[in-house]
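# Chain and residue survey
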Amino acid sequence: MGQSMRINLQVWRQRNEKAQGQFETYNVETNPDMSFLEMFDVLNEQLIEEGKEPVAFDHDCREGICGMCSMVINGRPHGPKQGITTCQLHMRSFQNGDTIVVEPWRANAFPVVKDLSVNRSAFDRIISAGGFVSVNTGNAVDANSVLISKEVADEAFEAATCIGCGACVSACKNASAMLFVGAKVSQLSMLPQGQPERETRVVAMVNQMDAEGFGACTNTGACAAECPKQIPLSVIANLNREFYKAKLNGK
Amino acid sequence: MKLDSKIPQGSINEKWTQYKSSVPLVNPANKRHLNVIVVGTGLAGASAAATLAEMGYKVSAFCFQDSPRRAHSIAAQGGINAAKNYQNDGDSVYRLFYDTIKGGDYRAREANVHRLAEVSTNIIDQCVAQGVPFAREYGGTLSNRSFGGTQVQRTFYAAGQTGQQLLLGAYSALERQVGLGNVKMYARHEMIEVVTIDGKARGIIARNLISGQLERHFGHAVLLCTGGYGNVFYLSTNAMGSNVTAAWKAHKAGAYFGNPCFTQIHPTCIPVSGHYQSKLTLMSESLRNDGRIWVPKKQGDTRHPNDIPEEERDYYLERRYPAFGNLVPRDIASRAAKERCDAGYGVGPSKMAVYLDFKYNMINKYGRAEASKRGIANPDEATLLELGKEIIKGQYGNLFDMYKQITDENPYEVPMRIYPAVHYTMGGLWVDYELMTTVPGLYALGEANFSDHGANRLGASALMQGLADGYFVIPYTIGNYLSKEIHTKPIPTDHEAFDQAEKKAAERINMFLNINGKRSVESYHRELGKIMWDKCGMARNEKGLNEAISEIRALREDFYKNVRVPGTADEFNPELDKAGRVADFLELGELMCIDALNRNESCGGHFREEFQTEEGEALRDDEKYLAVFAWESKGENQWELHREELNYENIKIQQRSYK
Amino acid sequence: MGVMSFLFSSSLGRKLVMAVTGVSLIAFLLVHCLINATVFFNDGGKTFNYAARFMAENWLIRTTEIFLFLGFIIHIGQGLWLVFDNRAKRKAKYAKSAGSANSKWYSRSMGLLGTLILIFLVLHLKHFWVVSRFGMPHHLGEVQYVASHTGSQEVLENLFVEMVNVFANPIAVIVYVLGCFSLAYHLLHGFTSAFQTLGINHKSYTPLISSLGTAFSIIIPIVFAAIPVVMHLGIIK
């Protein structure tokens, strides 16, 4: 086990969506093997013992797959390392004595619920608008009756690994959700099963995305750089192409 | 009440088919007037909610996470079994049925398991149709791999993220129904009471976790798809929020709890590193396809693993179980690791770990194949190792990255250190063949029910069961109940049963907030976990279990005196949510110990030290315990045991051997 | 959704407009740059003045010019609107931001760079385009050349001399060089970005487009910037 570390934490505190928020400063004793969220556990336990209100933050699986954790750490969603979520970040990525500023995802489309916790239901509504294949249970043919090349399957899988955490939106200066939408559109447009609804899907999803109040993409690439699943920027190009094609066909 | 498992008549091959053809149906016009509540949106919940909505029922779905897509099914890594026999290696419905029964150490219900094996193939078809990107071969067909406890390749997978891909498939089907208005989705809602009227489940009280408001929801039927209770051990591979609350409330409302002590300890998890640890991370069982498990032959050997020569390593699984080697079922692999560590052969700083080493297969299996593919003649070991690493990376890259992230060690260079951890609970709400609990109209699906896995679940079978229950079982079996409910008008939620349930829930919340003690909820949870792990974990004995029961009682008493739950009831208050969950774990823990104490045999994941063979294997007592233990709640911390005797008509019960 | 509302209200339509107008402006820059580069013949502006006349008198060019102007206006208008609109999507700002960790500064500053170019553009139009098209505020001088194929005398407007006059002023030179800097960075992002927006992102072609874009974004502004400098220094006269 590593040496103990002292961290100066500046954490965004906000009672609820409507309330004004502000930063609070805390000192936490931690060690390099602790995960970032475990450090928050330690802080919260400390706060509870002192009779203070613990910091609310979202987290669940703590292994980088559920997409629930969501902290902007020193200006970067999920912290300083690439390809991981907040829960996979360990204190060994920081130095003893560091000051760390922790904020929630910030975007109009992701209103703050409390402290570091935000409401990402906009993503669900986008999926609900078209991020599916309309196949009722029981309609399927044998799984091997449609062959899909390994290359296509792998590429579709890569896009499908999106965990819907919203780091893309959080990192984007325009609070754009196009990496998220692009990932789902890419996955389903590549696979044969996604073909029948290919055009209606992309239009419906983009319309919903716009209605939710996400910004427009200006191709800075920040989303892909911060994506914990390293979804490539090419999914946005796919999204654009799919959308224009659908529009050309009058969808 | 006598337990009636409602197993249909007929031969095992015909039961499900005949059931489906003779079960009463609900006509489409009537379905529109029937409300179904689905609690939990993991594989079982999402697939059930979507399918029932497709059929025309009005569905309300609830999850405590901020989105249904976050349910912990998402974290399943390795794969999903199906008796497709795509590999032409002799697989069949019967073999999957047989393997699952045997894997469960002959403590599962034959008819259910056979049905599971039958529908397994439909699951794969359905998922592919939804656009789930399973791994494929170059020719475009689906790829398979091996999992523990089987000798065929029947596991379908999507890298190390199979659960994620399957859940996103079910989630998209669910969201489609949300968009169509057939499902009303309530995220960040936690079910905290079941409402029963005239003995039937008629709704739930849910807490809106953002506003803190208690809400009343009516349903003609209530489906609990709320997963397992492994978090009673505090440290487990479950998500932080995974809890027993919904199932426990159902239990207290009359649903029997089946085999609560049957817990799966997964052999390959990253070892605990410190007291602050909040959860344990699984390394997929699929790694045992290519990783060899060993410890040094010398006790307390502190040499670097790469410096320990081949002849000084003990590949204890290969030694003890030559037929299955590293691919023995989970309970056996876990126990074997514990045995070695307890005997002083453990490795790493805590000495509570064993090595999972890929080097041999990197060189000999993949390196050589790749070298001959590329036409490299007489490659040296370093070349083979490099070639092999590439292949391993392709197969398990994300798992290796995850390991490195957590431990700061590079598993491509140094063997992984692993140790068993709580992973899954075979126990759960007792259900009949139709997945109904002992409360009419209240169903339990997926890990939440006492399940088809007996005393030990085989790898890649949880995903199979969750989706089988949701997509292919409940849509038929629920008709048998709802067809008799078509005349029941929706009951207004100002009915006194709702009043009472809400009052009870509100009182409990206020009670937590008013204790105003000193200790955090977390600290009680941690302490409970330690008791459970030490005394009701991988190995149990009468003395320990009795101690555990009194320790849990004392801890519970202290909890209600000294816990501190900050904040108020009418706001987003995760500590309050946690308090309710931990309070339920404090009751469940006791029942688990009582169950373990009453089962005087060893089977599967339940290993009573008093009952073992000379070689240290589990010693079943089929005379006395060929039965499901179903516990009825009789008021505060009182239970009555009911037994469902298991009849094996198709499989000959044997001592389980993987040697 | 109608075409207009698609192009001017949907996020993807608006991007498309930026990309299409951007690409046409890139094409314009190339033509503009080639014509300007004729001053490097150092023939007293003869080739340049002929080229200028061609550009001024060819009906096809004049028609295209209308579209070019439209392109400019739409690119600028939509661009500024997008900048403000996008900014409004995050009302609560980050206290600490670390944009440089995940993106290039110029990709995040297209609005600013574009505005600088716009200021430059106004000045530039006043210097040359207004005088060449409308003779305002004063008539250009004229110059006589012997037509190469007929041998007869021709009288052309002397735009070249206008350049020499403008670039005699060191402040103008500095402003032009700075304008070219803005242009270079604007292009560095804009060139590849336009292709990405048009949906062209391919394992093997994108690196090619990206190198081409970088080369374009460096070479074109350098050529542009070199002209005022060399003219000011009297290397070309």
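In this report, the structure presented in the accompanying data block is examined. (Residues numbered from 1 in each chain as written. Chains lettered and ligands numbered in written order. Predicted model: local features only at pLDDT ≥ 70, side-chain atom pairs only at ≥ 80, totals over all residues. Heavy atoms only, no water.)

The next point concerns the overall build of chain B. Scanning chain B for helices and strands turns up 17 helices and 20 strands. Relative to the 2.2 N^0.38 estimate, which gives 26 Å for 659 residues, the radius of gyration of chain B is 24 Å and therefore close to what a compact globule would have. Dimensions of chain B along its principal axes, counting C-alpha atoms only, are 80 × 55 × 50 Å. Burial status across chain B gives 68% buried among its 659 residues. The contacts in chain B between residues at least 6 apart in sequence include a share of 74% that link residues at least 24 apart. Counting every atom, chain B has about 21800 Å² of accessible surface; 48% of that belongs to carbon and sulfur. (Helix = DSSP H or I, 4+ residues; strand = E, 2+ residues; numbered from the N terminus. Rg over C-alpha atoms; globule rule 2.2 N^0.38 Å. Buried < 20%, exposed > 50% of the residue type's maximum accessible area, 1.4 Å probe, protein only. Contact = heavy atoms within 4.5 Å. Areas by Shrake-Rupley, 256 points an atom, 1.4 Å probe, with all protein chains shown as cover.)

Take the interface of chain C and chain A next. On the side of chain A, 47 residues touch chain C, which itself brings 35 residues to the contact. Both sides together, the interface formed by chain C and chain A hides about 3300 Å², and carbon and sulfur atoms give 51% of it. Our enumeration of links across chain C and chain A arrives at zero salt bridges. Summed over the shared surface of chain C and chain A, the number is 24 residue pairs in polar contact (both at pLDDT 80 or more). Sorting the residues of the side of chain C that touches chain A by element identifies α2 (11-37), α4 (59-87), α5 (105-108) and α8 (170-197) of chain C as the ones contributing at least two each. The element best represented in the side of chain C that touches chain A is α2(C), accounting for five residues. Of the residues belonging to the side of chain C that touches chain A, the class tally is 13 nonpolar, 14 polar and eight charged. (Buried area = accessible area lost by both parts, 1.4 Å probe. Salt bridge = Lys/Arg side-chain N within 4 Å of Asp/Glu carboxyl O. Polar contact = N/O pair within 3.5 Å; in protein donor to acceptor, adjacent residues only side chain to side chain. Nonpolar A, V, L, I, M, F, W, Y, C, P; charged D, E, K, R; others polar.)

Within a sheet, each strand pairs with its neighbour through backbone hydrogen bonds, oriented either parallel or antiparallel. Residues and elements named next belong to chain B. In spatial order, the strands read β12-β16-β15-β13-β14; together these five strands make up an open sheet with antiparallel pairing. Each edge of the open sheet is held by one strand with a lone partner, namely β12 (263-269) and β14 (313-314). Of the strand pairs in this sheet, β12 and strand β16 (residues 416-425) are connected by five bridges, and their pairing is antiparallel. Following the sheet pairing, cysteine 269 is matched in β16 by tyrosine 419. (Pairing = 2+ DSSP bridges.)

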